[in-house]
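Observations on chain architecture
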Amino acid sequence: MEDKILNYTETKEDELRRVRAALLNILEDTEDARKEAVREKNKTMAIIENLTDGILLLNNKNEVEIISPLVVDFFRKTEDEIVGKNFIDLFDSEELKQFKELIIDTEKRKVNPVIGREISIGKRMDIEVSTVFLGEGPEEGSVLVVLHDVTRDKLVERMKTEFVSIAAHQLRTPLSAIKWTLRMVLDGDTGEVNEEQRELLEKTYVSNDRMISLINDLLNVSRIEEGRFLYKQELVNLEDLVSIIVDSSQELLKMKKMELTVDKPEKPLSQVSVDREKMELVIQNLLENAVKYTPEGGKIDISISGDDKNIIFKIKDTGVGIPDDQHDRIFTKFFRGDNVIRMETEGSGLGLYTTRNIIDAHKGKIWFDSKEGEGTTFIFTIPVPII
């Protein structure tokens with residue numbers, strides 16, 4: 001009997017030792033995991049603190065959990081004033097109101113999806129804002145708000161724009177003087193000109209005219225970027241503007257043996273409120289591109305239609321088209337397609353950039369459909385004024 005009791009006691013002691021050893025192992029593993037978690041947290045915080053962008057981490061209750069030091073510099077608030085607070089209750093000052101409204105819909109109490117939106121913090125800085133949802137969707141999980149300082153980039157951009165504007169103005173004056181001097185010589189105001197001299201002077205005159213056209217394009221771009229591309233709107237019939245541009249292009253069409261058709265509605269369309277000069281520039285740019293990038297003997301079709309809301313202009317050519325991989329760049333500054341560059345045609349790559357900005361300023365829309373080797377169709381709409 002005593003042997004049984006002794007054996008039972010030894011068995012329990014062995015079991016307790018095993019349990020104790022297992023618990024010690026668990027505690028050691030837990031401590032290792034805790035230390036590893038602390039190391040990872042410290043590493044993450046070190047990365048956040050040394051990022052060149054500002055970071056705010058919001059939880060699913062829109063409370064700020066983490067910020068980077070740059071956020072303190074951006075908004076001139078201490079960490080204690082931001083961390084732990086609900087984002088909706090922050091940034092109420094006039095200077096930061098735009099930032100707050102961009103990030104969150106205060107009525108629905110939801111964070112807005114934002115990608116690369118630029119806003120100004122007063123007059124002291126410009127930032128690019130993006131929101132990244134870390135859960136399965138905008139309504140779940142945390143949200144990372146990324147703030148990229150673009151103040152210097154904007155300053156450099158403004159300086160470049162100012163430089164282009166000044167340089168263009170300085171160049172246009174002497175080029176205009178050269179143009180009129182050449183015209184006087186060609187017209188015989190300075191004496192007789194023989195055929196060989198006339199041919200050289202004509203080539204010089206055309207080249208000078210191209211330079212003036214380029215300078216004018218650069219000035220238009222500068223005015224757009226500086227917000228000085230002013231619009232003097234008046235009620236006009238778009239058909240009349242198209243007729244003016246088409247009539248002035250007849251000589252060029254004959255030279256390239258091209259056929260141009262204009263399809264107008266039987267009944268007059270509603271007038272639109274536009275800047276006549278700028279809208280003529282839009283139509284001229286689109287027609288010149290169609291002529292320039294369509295081989296000799298090609299065809300161009302223009303149609304004008306409309307409804308109660310919009311007047312629709314469409315121009316279709318049988319030209320070289322736009323490569324598929326370059327469609328997203330067609331309205332950017334200085335862009336010219338690879339196939340167009342191979343043709344060695346003249347162009348600055350500024351026409352469509354200016355065209356899009358003019359259409360946008362008139363609250364219209366512009367788009368295109370193109371396939372390389374088969375031609376291009378450009379369409380734009382201008383809203384009809386509500387009477």
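Refer to the preceding data block for the structure.
Residues numbered from 1 in each chain as written. Predicted model: local features only at pLDDT ≥ 70, side-chain atom pairs only at ≥ 80, totals over all residues. Heavy atoms only, no water.

Quick notes on the overall build of the protein chain
Basically, it comes down to this: Think of it this way: any DSSP run of H or I at least four residues long counts as a helix, any run of E at least two long counts as a strand, and we number them from the N terminus. Only heavy atoms matter for contacts: two residues are in contact if any of them lie within 4.5 Å across the pair. Throughout, the Shrake-Rupley method with a 1.4 Å probe supplies accessible areas, and for residues the shown protein chains are the sole cover considered.
When helices and strands are tallied, the protein chain shows 11 helices and 14 strands. Intrachain contacts of the protein chain at a sequence separation of at least 6 include 58% that bridge at least 24 residues. Approximately 24400 Å² of the protein chain is accessible, and the part contributed by carbon and sulfur atoms is 51%.

Quick word on the environment of I224
Summarising the element assignment, I224 is placed in helix 6 (residues 195–225). Along the sequence, I224 and T161 sit 63 residues apart, while their C-alpha atoms lie 9.8 Å from each other. Setting aside residues up to four positions removed in sequence, I224 forms contacts with F229, Y353, T354 and N357.

Overview of the environment of D217
Worth spelling out the cut-off: Working definition: with a 1.4 Å probe on protein chains only, accessible area under 20% of the residue-type maximum means buried, over 50% means exposed, and in between means partly exposed.
Its location among the elements puts D217 in helix 6. D217 sits in the buried class, given a relative accessible area of 18%. Setting aside residues no more than four positions away along its own chain, D217 makes contact with S348 and L350.

Observations concerning a negative patch on the surface
Stated precisely, the cut-off is as follows: Each patch is built from residues that are more than 30% exposed by relative accessible area and take part in no salt bridge. Like charges join if they lie within 9 Å; nonpolar side chains (Val, Leu, Ile, Met, Phe, Trp, Tyr) join within 5 Å. A pairing counts as a salt bridge when a side-chain nitrogen of Lys or Arg comes within 4 Å of a carboxyl oxygen of Asp or Glu. Counted as positive: Lys and Arg. Counted as negative: Asp and Glu. His and the chain ends are not counted at all. Positions of charges follow a simple convention, taking NZ of Lys, CZ of Arg, CG of Asp or CD of Glu.
On the surface, a cluster of negative charge is contributed by D324, D325, D328, D338 and E372. Along the chain, D338 turns up in helix 10 (residues 338–343).

Quick notes on the sheet that holds strand 5 (residues 117–121)
Threshold: At least two bridges found by DSSP between two strands is the condition for calling them paired. Every angle, taken between N-to-C directions, lies between 0 and 180 degrees, and every axis is a line fitted to C-alpha atoms, over only the stretch in contact when it is a helix.
A sheet is described by the order of its strands in space; here five strands give the open sequence 2-1-7-6-5, paired in antiparallel fashion. On the outer flanks of this sheet lie strand 2 (64–67) and strand 5, each paired with one strand and no other. With direction set aside, neighbouring strand axes in the sheet form an average angle of 25°. Summarising the sheet, strand 1 (residues 54–58) and strand 7 (residues 143–149) pair through five bridges and their orientation is antiparallel. Each residue of the ladder has a partner; that of I55, found in strand 7, is V146.

Considering the pairing of strand 11 (residues 299–306)
Alignment of strand 9 (residues 259–263) against strand 11, held across five bridges, turns out to be parallel. Note that in strand 11 the partner of V262 across the bridge is I302. Where strand 11 meets strand 12 (residues 310–317), seven bridges bridge the pair, whose relative direction is antiparallel. Bridging from a neighbouring strand, G306 pairs with I311 of strand 12. Between the antiparallel neighbours strand 11 and strand 12 lie three residues.

Digging into the pairing of strand 12
Judged by which residues are buried, strand 12 turns out to be one-sided: I311, F313, I315 and D317 face inward and are buried, whereas N310, I312, K314 and K316, on the alternate face, are not. Bridge count between strand 12 and strand 14 (residues 375–383): seven bridges; the pairing is antiparallel. Across the sheet, the residue bridging to I311 is I382, located in strand 14.

Remarks on helix 5 (residues 151–186)
This is how it is decided: Each residue after the first adds 1.5 Å to the expected span of a helix.
In this model, helix 5 (36 residues) spans 52 Å end to end at C-alpha, consistent with the 52 Å of a helix rising 1.5 Å per residue. Within the span of helix 5, buried status applies to T161, S165, A168, L175, K179, L182 and L186. Where helix 5 is buried, its residues contact helix 6. Phi turns positive, to about 85°, at G188, one or two residues after helix 5.

Some thoughts on the sheet that holds strand 11
The strand order 9-11-12-14-13 describes an open sheet built from five strands, whose pairing is mixed. In the strand order of this sheet, the two ends are held by strand 9 and strand 13 (365–371), each with one partner. Strand-to-strand twist across the sheet, computed as the mean angle between neighbouring axes with direction ignored, equals 10°. In the packing of helix 7 (residues 238–248) onto the sheet, the strands contacted are strand 9, strand 11, strand 12 and strand 14, and the crossing angle to strand 11 comes to about 165°.

Comments concerning helix 7
Operational definition: By definition, the arc is the one covered by directions from the helix axis to the C-beta atoms.
Buried within helix 7 are the following residues: L238, E239, L241, V242, I245 and V246. For helix 7, the angular spread of buried residues about the axis comes to 160°, placing them on one side. Turned more than 90 degrees off the buried face of helix 7, the exposed positions are D247 and S248.

Geometric descriptors of this kind do not, in isolation, establish any biological role.
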